[in-house]
Amino acid sequence: MRLSRSLSITSLSGLPLWEEESLDVQDLLLFEVSWEVTNKVGGIYTVIQTKAKITVDEWGENYIMMGPYYEHNFKTQVEKCEPPNQAIKAAMDSLINNGCQLTDQLQDKPNVIAHFHEWQAGTGLVLSRSRKIPLATVFTTHATLLGRYLCAGNADFYNNLDKFNIDQEAGERQIYHRYCLERAAVHCAHVFTTVSQITAVEANHMLHRQPDVVTPNGLNVRKFSAMHEFQNLHSMNKAKIQEFVRGHFYGHLDFNLEKTLFFFIAGRYEFSNKGADLFLESLSRLNYLLRVQKSDVTVVVFFIMPAKTNNFNVESLKGQAVRKQLWDTAQSVKEKFGKRLYESLLRGEIPDMSKILDRDDFTIMKRAIYATQRHSFPPVTTHNMLDDSTDPILSNIRRIGLFNGRNDRVKIVFHPEFLSSTSPLLPMDYEEFVRGCHLGVFPSYYEPWGYTPGECTVMGIPSVTTNLSGFGCFMEEHVSDPSEYGIYIVDRRFRSADESCNQLTQFMFSFCQQSRRQRIIQRNRTERLSDLLDWRYLGRFYMHARHLALSRSFPGKFKMDHLNLAPVSLSHSLRCTLMQSFSSITDNGNMIDCCTP
């Protein structure tokens, strides 16, 4: 029996019962090193940026990030200041004066934790250990280097994890030197962590070390005092997307925008890894179902994936210009109409509607209508692509024949550039755009975590993910029926590609059949899951990794012998805090204690 309101969330396993004990960080320093500190390349940037607040709350000025120096990033993302710690200042002075011949400035207080992210930062970890510098080291891999390459090459990765000849595969892909650096960093670190259980399995095979701690990625969750506030944000931003659609599809706007749903996929342009191939095939099947069912619902699908372009295409710019011209014309005629109506009412007369608009007004409107005539289909991409003939998305659009025709119930807009509020086409930043959409679709084959569905969740937007993504596995583990709360999980691990495609198609088709009220209720439910992704809770996994690294590096000063390091549940008090906004009901409607161990 399906309950109208049900949610069963298990405790976040993996932490020992030590949360009451905290480190005295006064005599400690924490360095976090990554190529993506103030340098956005992928999801690691978001991890470090969003985690910064809770880390600063714990460590204060004893927390230092290290990353590459890029002039533009330095000017726009950080403020120049003097190092607050004298040891750091002395070390930097030494670097400035003597190059890399750094003298030991820590003297008798070598209580330093250095946390390195990914293989690009691994050199520092390996050299620190080989030179016996007294550091407690943590290494986090967000995705194994070879795993990403193998999946991008369409290998049957997860069914053959134990069969790959790792050295040979890395050599054939000419990444052996990087793979060796990554593996050395993993084995040199006092503590090795990954971002999800599925990546932990992968790392065990690819890098030959079982992670000590799994550190799920969190977000800074913004909670609203009233539920209707984030629903209002959805309506406001949906209206902005509708304005873009009016311009992009001018001349073919024969569908009802009030019955139009906006789906999107976003991220790095990794066609197979991100599941764009599966998504496009599912859209073709969805289009067929909607046409056969004679549905009055239209789906506009956005692909937000940066690719090589040489600017906006003329048709896309023209569409927005035509829309603006129509708006200006309508406003001009409306102003004349309103003035004449006002004057007629002042005279105490009911206006003659056939005379309230003169011939010039009708001429202006006819010209405006003529300007909207279009003899070609609305473009499927907003930019001029440099590799149009070989681009994977465009090639597959040609294969499935979704060209934004009048009979198509699924329309496609490929925006090969990150969103910006200064864009002349779609002037919205990413958060505004996500809030305005109805469904995010991320059917990834290789996704160690997956921030995009997580971002949808905290904004109250339903999303599709897979059981091959860290996020999808996390939700399957902690939520009894994710689909009831707007998290649709496609099985890409134990089903064939065709079966997974049909499952995704059915998810989207069922979503299209929901009423507006049902979608509002589902958005409320989705937003309720946001506490699960809050760094206030998930940050404790990073705390545990640091504790563990100190105990292994400086066993005389930091002991964890009395702790049970095997994965156990969170304490009763923390679980109660986590579960405050959730409830679970039995079949007879009685409340049960979600925090019962």
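What comes next is a walk through the structure.

About the criteria used
Residues numbered from 1 in each chain as written. Predicted model: local features only at pLDDT ≥ 70, side-chain atom pairs only at ≥ 80, totals over all residues. Heavy atoms only, no water. Salt bridge = Lys/Arg side-chain N within 4 Å of Asp/Glu carboxyl O. Helix = DSSP H or I, 4+ residues; strand = E, 2+ residues; numbered from the N terminus. Buried < 20%, exposed > 50% of the residue type's maximum accessible area, 1.4 Å probe, protein only. Phe/Tyr/Trp six-rings, centres within 6.5 Å; stacked < 30°, edge-to-face > 60°. Lys NZ or Arg CZ within 6 Å of the ring centre and 35° of its normal. Pairing = 2+ DSSP bridges. Axes fitted to C-alpha atoms, helices over the stretch in contact; angles between N-to-C directions. Contact = heavy atoms within 4.5 Å. Core = buried A, V, L, I, M, F, W, Y, C linked by side-chain atoms within 4.5 Å. Right-handed = clockwise from strand over helix to strand, strands pointing away. Parallel < 35°, antiparallel > 145°, perpendicular 65-115°, else oblique. Nonpolar A, V, L, I, M, F, W, Y, C, P; charged D, E, K, R; others polar. Expected span 1.5 Å × (residues − 1). Left-handed = near helix turned anticlockwise from the far one by under 90°.

This brings us to the pattern of salt bridges. Enumeration over the complete set of coordinates arrives at 32 salt bridges. Two residues, Glu315 and Arg374, come together in a salt bridge whose shortest N-O distance is 2.9 Å. In this pair, Glu315 is assigned in helix H11 (residues 314-346) and Arg374 in the loop between helix H12 (359-371) and strand S10 (383-385), connecting sequence segments 59 residues apart. The class for Glu315 is partly exposed, based on a relative accessible area of 26%. Arg374 gets classed as buried once you look at its relative accessible area, which sits at 9%. For the salt bridge of Lys336 with Asp361, the shortest nitrogen-to-oxygen distance reads 3.4 Å. With Lys336 in helix H11 and Asp361 in helix H12, this residue pair connects regions lying 25 residues apart in the sequence. Accessibility expressed as a relative area gives 32% for Lys336, which makes it partly exposed. The network of salt bridges with common partners includes Glu281, Arg285, Arg399 and Asp498.

It is worth spelling out the packing of aromatic side chains at this point. Using the criterion set out here, one finds 23 aromatic pairs in the structure. Note on Phe249 and Phe255: the rings are 5.8 Å apart at their centroids and 85° apart in plane angle, and the pair reads as edge-to-face. The burial state of Phe249 is the same as that of Phe255; both residues are buried. Relative to Phe433, the ring of Phe302 has its centre 5.3 Å away and its plane inclined at 85°; by these criteria the two rings are edge-to-face. One end of the pair, Phe302, is in strand S8 (residues 298-304); the other, Phe433, is in helix H14 (residues 430-436), with 131 residues separating them in the sequence. Note on accessibility: Phe302 and Phe433 belong to one class, buried. Among the aromatic residues, those joined into a ring-pair cluster are Phe244, Phe262, Phe264, Phe302, Tyr430, Phe433 and Phe442. A cation sits over an aromatic face here: Arg525 above Tyr485, 5.5 Å from the ring centre.

In this section: the sheet that holds strand S13 (residues 463-466). In spatial order, the strands read S11-S8-S7-S12-S13-S14; together these 6 strands make up an open sheet with parallel pairing. Unpaired on one side and paired on the other, strand S11 (410-415) and strand S14 (487-490) mark the two borders of the sheet. Mean inter-strand twist for the sheet, computed between neighbouring axes without regard to direction, equals 25°. Sheet topology note: the strand S7 (residues 260-266)/strand S12 (residues 439-441) ladder contains 2 bridges and is parallel. Paired with Phe264 across the strands is Gly440, a residue of S12. Sitting on the sheet, helix H10 (residues 276-292) touches S7, S8, S11 and S12, and the angle it makes with S8 is about 170°.

If you look at the biggest cluster of nonpolar residues, it comprises 83 residues, and the most contacted ones within it are Val245, Phe263, Leu283, Leu286, Phe302, Phe303 and Phe433. Considering every element that reaches this core, the biggest residue donor is H10, with 7 residues. Non-local contacts of Leu283, meaning those with residues more than four positions away in its chain, are made with Val301, Phe303, Leu402, Val410, Ile412 and Met508. Grouped together as the second largest cluster of nonpolar side chains are 39 residues, Ile88, Phe139, Tyr158 and Ile198 included.

Here the focus is the sheet that holds strand S6 (residues 213-214). Pairing is parallel in the open sheet, where 6 strands are placed in the order S2-S1-S3-S4-S5-S6. Among the strands making up the open sheet, the edge pair consists of strand S2 (63-66) and S6. Relative to strand S5 (residues 191-194), strand S4 (residues 136-141) runs parallel, the two being bridged by 4 bridges. Across the sheet, the residue bridging to Val138 is Val191, located in S5. On the sheet, helix H8 (residues 197-206) packs against S5 and S6 and is oriented at approximately 125° with respect to S5.

With that settled, the discussion passes to the pairing of strand S3 (residues 112-117). Counting buried positions over the 6 residues of S3 gives 6, a clear majority of the element. Residues Val112, Ala114 and Phe116 point to one face of S3 and Ile113, His115 and His117 to the other, with burial holding for every one of them. Two strands pair when backbone bridges link them, and strand S1 (residues 29-33) and S3 are joined in this way by 5 bridges, in the parallel orientation. Of the residues in S3, the one forming a bridge with Leu30 is Ile113. Direction of pairing for S3 relative to S4: parallel, over a ladder of 5 bridges. Each bridged residue has a counterpart across the sheet, and for Phe116 the counterpart in S4 is Phe139. Tracing the backbone out of S3, into helix H4 (residues 122-130) and back to the parallel element S4 gives a crossover that is right-handed.

Before going further, it helps to spend a moment on the packing of helix H1 (residues 43-59) against helix H19 (residues 535-553). Packing of H1 against H19 brings their axes to within 10 Å, and their N-to-C directions diverge by 75°. Classed by the angle they form, the pair H1 and H19 counts as roughly perpendicular. On the side of H1, the interface is formed by Val47, Thr50, Lys51, Ile54, Glu58 and Trp59, while H19 contributes Trp535, Arg536, Gly539, Tyr542, Met543 and Arg546. Per-class residue counts for the contact of H1 with H19 are 6 nonpolar, 2 polar and 4 charged.

Its 17 residues give H10 an end-to-end C-alpha distance of 24 Å, which sits within 8% of 24 Å, the value for a rise of 1.5 Å per residue. Of the residues making up H10, those classed as buried are Ala276, Leu278, Phe279, Leu280, Ser282, Leu283, Leu286, Asn287 and Leu290. Buried-residue contacts for H10 involve S7, S8, helix H13 (392-400), S11, S12 and helix H17 (497-512). Just beyond H10, the residue with positive phi is Lys294, at close to 50°.

Now for the packing of H10 against H17. Remark: H10 packs on H17, axes separated minimally by 9 Å, with the N-to-C direction vectors making an angle of 50°. Comparing the axis directions of H10 and H17 gives the class oblique. Seen along the crossing, H10 lies across H17 with a hand that is right-handed. Side by side, H10 and H17 meet where Leu278, Phe279, Glu281, Ser282, Leu283, Arg285, Leu286, Leu289 and Leu290 of the first sit next to Ala497, Asp498, Ser500, Cys501, Asn502, Leu504, Thr505, Met508, Phe509 and Cys512 of the second. Its residues assigned to classes, the contact of H10 with H17 shows 12 nonpolar, 4 polar and 3 charged.

Summarising the element assignment, Glu270 is placed in the loop between S7 and H10. What makes Glu270 buried here is its relative accessible area of 18%. With residues near it in sequence (within four places) discarded, Glu270 still touches Arg148 and Gly275.

What follows deals with helix H18 (residues 516-528). With 13 residues, H18 should reach 18 Å at 1.5 Å per residue; the first-to-last C-alpha distance of 19 Å fits that figure. For H18, the complete set of buried residues consists of Arg519, Gln522, Arg523, Arg525, Thr526, Glu527 and Arg528.

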